[in-house]
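Each chain is listed here by its residues.
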Amino acid sequence: NQERKRFLMKQIIFATGNPTKAKRFSKGLAKKGVEVLALRDIGIKINVKEDGKNVIENALKKVRECYDVTGRISIGMDDALYLENVPEEKQPGLYVRRVEGKELDDEEMIEHYTKLVKKYGKNGKINAKWVYGIAVINESGKESTYTWTKEGIYLVDKVCKKISTGYPLDSITKNTKNNKYLVEITEEEKEAMKQDEQDVVDFIAENI
């Protein structure tokens, strides 16, 4: 019965090699009869030059490449990070993982961002804001885009012992409502804080 249910589900390809990122909306979409697959689940790699001016442009670049290669319903996503009191030339913006042309691994990211907090933050913390963009291409090739912002978070210079692979900044990011590290927030707390991004799930489901 479970297999039959899976067979009846609509499949979409998330244009990412990051399995953690691919799971981001999978729970909400599963309730709507949609199964999310990452590129690695179907044994495909894509190489996209992310040189767009904003999150939507980069999300479109990813989703178009994914759709061209797979011919299947695809979603692409990009994000940008902005930190309070950090000078413009030091802002991560669209290049959260890339610093001075170098692609950082999880450990290097934690090191880089804790240094920024120490330099520009106050009392070991710095307010932060994420801007997200998502692009969807449906079966007939129609494109749709959506953007949203997540505030109410701050980065700290003390690293949580728990590290989330693929999401290293969750180990140095806290929520302003309960001052807990994002990596330690439970599913129940996420629901309570409406962090389930239902609007994004609805957007994807309506446009595929």
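Everything below is about the structure printed above this text.
All residue numbers here refer to positions counted from 1 along the written sequence of the relevant chain. Per-residue local features are limited, in this predicted model, to residues with pLDDT of at least 70; the limit for side-chain atom pairs, both in listing and counting, is 80 or more; totals at the level of whole chains, interfaces and linings are taken over all residues. Values reported for side chains reflect all heavy atoms of the structure, with hydrogen atoms and water molecules removed beforehand.

Participant: Pulling in residues and values, what's your account of the pattern of salt bridges?
Facilitator: Salt bridges are defined by distance alone: a side-chain nitrogen of Lys or Arg within 4 Å of a carboxyl oxygen of Asp or Glu. Summed over the entire model, instances satisfying the criterion amount to 13 salt bridges. Of the charged contacts, one joins Lys62 and Glu50 as a salt bridge, the two residues approaching to 3.6 Å between their closest N and O atoms. With Lys62 in helix α4 (residues 55-70) and Glu50 in the loop between β2 (34-38) and α4, this residue pair connects regions lying 12 residues apart in the sequence. Lys62 gets classed as buried once you look at its relative accessible area, which sits at 8%. A salt bridge links Glu57 to Lys53; the nearest nitrogen and oxygen atoms lie 4.0 Å apart. Salt bridges sharing partners connect three or more residues here, namely Arg24, Lys150 and Glu197. A run of H or I in DSSP becomes a helix once it reaches four residues, and a run of E becomes a strand once it reaches two; helices and strands are each numbered from the N terminus. Only protein chains enter the accessibility calculation, which uses a 1.4 Å probe; a residue is then buried when its area is under 20% of its type maximum, exposed when over 50%, and partly exposed in between.

Participant: Give me the lowdown on the packing of aromatic side chains, citing residues and values where you can.
Facilitator: For any pair of aromatic rings, geometry is given as the distance between the ring centres together with the angle between the planes. The aromatic pairing rule takes the rings of Phe, Tyr and Trp, using the six-membered ring of Trp, and pairs them if the centres are within 6.5 Å, calling planes under 30 degrees apart stacked, those over 60 edge-to-face and the rest tilted. The final tally for this structure, using the stated rule, is six aromatic pairs. Between Phe25 and Trp148, the aromatic rings sit 6.4 Å apart at their centres with planes inclined by 70 degrees, giving edge-to-face as the arrangement. Here Phe25 is found in the loop between α2 (19-22) and α3 (26-30), whereas its partner Trp148 is found in strand β7 (residues 143-156), with 123 residues between them in sequence. Like Phe25, the residue Trp148 is buried in the burial classification. An aromatic cluster is present here, built from Phe14, Phe25, Trp130, Tyr132, Tyr146, Trp148 and Phe203 joined pairwise through their rings. Across the ring face of Tyr154, the terminal group of Lys125 is positioned such that the distance to the ring centre comes to 4.5 Å. Directly above the ring of Tyr181 sits Lys174, whose terminal nitrogen or CZ lies 4.6 Å from the centroid. To sit over a ring, a charge needs its Lys NZ or Arg CZ within 6 Å of the ring centre and within 35 degrees of the ring normal.

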